[in-house]
Amino acid sequence: MEMGEVTYYFASNENEEELNKIIIDPLFNKIVAYLSNRNGQEVILRQIKAAIPTDSNLELYLDKLIKHKLLKRENRRYTLIFPIYTNENLLKLPDSIEKSFRKIMEEQTMANDYFLFGEWLWSLFFEKEQGTYFFGVSNSIENLSFFLKKEAGNDSLRFVSIYPDNLIPLDLANYFNLLSRGQELPPKFDSLQNLIGDVDIHYFISQIQKVMRSVKRNNYRERRQTIFQEALLVTGDLKKNEENQLYLATPTIAGNDYSDEIQNRLDELKKDLISLWETIENENQRMFYKQQLYSFLFQNYLPNKYHSISYFKLL
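Residues numbered from 1 in each chain as written. Predicted model: local features only at pLDDT ≥ 70, side-chain atom pairs only at ≥ 80, totals over all residues. Heavy atoms only, no water.

## Here we look at the layout of surface pockets
Taken as a whole, the largest pocket encloses approximately 1900 Å³ of empty space. Looking at the largest pocket, it is lined by 47 residues, and the ones nearest its centre are Phe10, Glu16, Leu148, Lys150 and Arg181. At the level of secondary structure, the elements contributing two or more residues to the lining of the largest pocket comprise β2 (6-11), α1 (16-24), α6 (110-126), β6 (133-138), β7 (147-153), α7 (172-180) and α12 (283-301). The residue makeup of the lining of the largest pocket, split by class, is 19 nonpolar, 16 polar and twelve charged. Of the pockets and cavities examined, the second largest pocket occupies roughly 490 Å³. (1 Å grid on protein atoms, 1.4 Å probe; cavity = no way out; pocket = protein on both sides within 12 Å on 5 of 7 lines; lining within 4 Å. Points joined across faces, edges and corners; volume = space filled by probe spheres on them. Helix = DSSP H or I, 4+ residues; strand = E, 2+ residues; numbered from the N terminus. Nonpolar A, V, L, I, M, F, W, Y, C, P; charged D, E, K, R; others polar.)

## Looking at the pairing of strand β8 (residues 157-164)
β8 sits mainly inside the fold: seven of its eight residues count as buried. What sits between β7 and β8 in their antiparallel hairpin is a turn of three residues. Pairing of β8 with strand β12 (residues 309-314) involves six bridges; the strand directions are antiparallel. Within β12, the position partnered with phenylalanine 159 by the bridge is phenylalanine 312. (Buried < 20%, exposed > 50% of the residue type's maximum accessible area, 1.4 Å probe, protein only. Pairing = 2+ DSSP bridges.)

## Focus: the sheet that holds strand β11 (residues 252-253)
The mixed open sheet is built from four strands, whose spatial order is β7-β8-β12-β11. If you trace the sheet from one side to the other, it starts and ends with β7 and β11, each paired once. Inspection of the sheet shows β11 paired to β12 by two bridges, in the parallel sense. In the sheet register, threonine 252 faces β12, and the bridge partner there is phenylalanine 312. Contacting β7, β8, β11 and β12, α6 crosses the sheet at an angle of about 85° to β12. (Contact = heavy atoms within 4.5 Å. Axes fitted to C-alpha atoms, helices over the stretch in contact; angles between N-to-C directions.)

## Describing helix α10 (residues 227-234)
Every buried residue of α10 is accounted for by Phe228, Gln229, Ala231 and Leu232. Down the axis of α10, the buried set is contained in an arc of 155°. They therefore lie on one face. As for α10, its buried residues are in contact with α7, α8 (190-196), α9 (201-216), β9 (238-240), β10 (246-248) and β12. Positive backbone phi, at 80°, marks glycine 236, one or two positions downstream of α10. (Arc of directions from axis to C-beta.)

## Some points on the nonpolar core
In this structure, Leu116, Phe117, Leu121, Phe125, Leu273, Leu293 and Tyr294 are the most contacted members of the largest nonpolar core, which totals 48 residues. In terms of residues, this core owes the most to one element, α6, which gives ten residues. Here tyrosine 294 is in contact with Phe117, Gly118, Leu121, Trp122, Phe125, Phe126, Phe147 and Ile162, once residues within four sequence places are set aside. (Core = buried A, V, L, I, M, F, W, Y, C linked by side-chain atoms within 4.5 Å.)

## Remarks on the pairing of β2
Counting buried positions along β2 gives six out of six residues, so the element sits mostly inside the fold. Neither face of β2 is exposed, since Val6, Tyr8 and Phe10 on one face and Thr7, Tyr9 and Ala11 on the opposite face are all buried. Of the strand pairs in this sheet, β2 and β6 are connected by six bridges, and their pairing is antiparallel. Residue pairing in the sheet places valine 6 in a bridge with serine 138 of β6.

## Focus: the environment of glutamine 285
You can see glutamine 285 is positioned in helix α12. Residue classification places glutamine 285 among the partly exposed residues on the basis of a relative accessible area of 43%. Sequence spacing of glutamine 285 and serine 96 is 189 residues, and the spatial spacing of their C-alpha atoms is 23 Å.

## Notes on the environment of glutamate 242
Note that glutamate 242 resides in the loop between β9 and β10. Along the backbone, glutamate 242 and serine 214 are 28 residues apart, and their C-alpha atoms lie at a distance of 19 Å.

## Considerations on α6
Taking 1.5 Å as the rise per residue, α6 with 17 residues should run 24 Å; its terminal C-alpha atoms sit 22 Å apart, in good agreement. Largest kink in α6: about 35°, centred on leucine 116. Of all 17 residues making up α6, 14 are buried, and the element is well covered by its neighbours. (Expected span 1.5 Å × (residues − 1). Bend = angle between axes of the 7 residues up to and from the residue.)

Take a look at the structure:
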């Protein structure tokens, strides 16, 4: 979440919604800025009150920060206990890993690109990161985007979206995730919402599967357009060629079709990548490192047109 000069990243198995409310409070940025500028100094409550005048109950708010382990109070002195990373904390990727990754990407198809970044790398980097973390990243760090992954669907077909945290793409994974959480949809989703509203996702999937089958049989050109076909056109999952014939523009993946040679390279790359973070015990540092690494690979090894990726996953 971006707040002024710092963007905050966090995960909690129990308190994520409450943490979000704490962070969007204007007091949070003021307290963080004040204490950060006095790092190493002893700061007491009287000083905080003098520096941050407010009509809110400041002591109660500080207690909430302490409860969520964002702030420490010891001998009546207050200290931030989460890191804010800057340019000094940026990763340096070994040349050997860049060379290995470049070799693998030379023989990739579009579907395999999406599988590599959306399934293989994402699982390797983040699947086991189920703990709690909280850290800030200075917005003075240029060209650093952390990525999010959203999925929605059922046990036969899932919509997947991976995108930088400062951009919510217009795709089905984000649409159904926002609906399921009862969150307000950004304006870019208006046309999609006008078409399908809060449609049941299972029904929606059954209908677009019919559309996808018809498109593959090339017999959708002359038929009357349905709202489900229109929805896929709005999201860019369906497109029309010069002959006005529909085609599925979004890859559908059901696994990978790597050659034995590529699979062996991936196995070696997996060992090399894990060795980069396996000694980092601090959850904040490890997540920050992994996010940087994923961002670097995404931005440098996917074609420039891929600011985000969206695909269908068959189960």
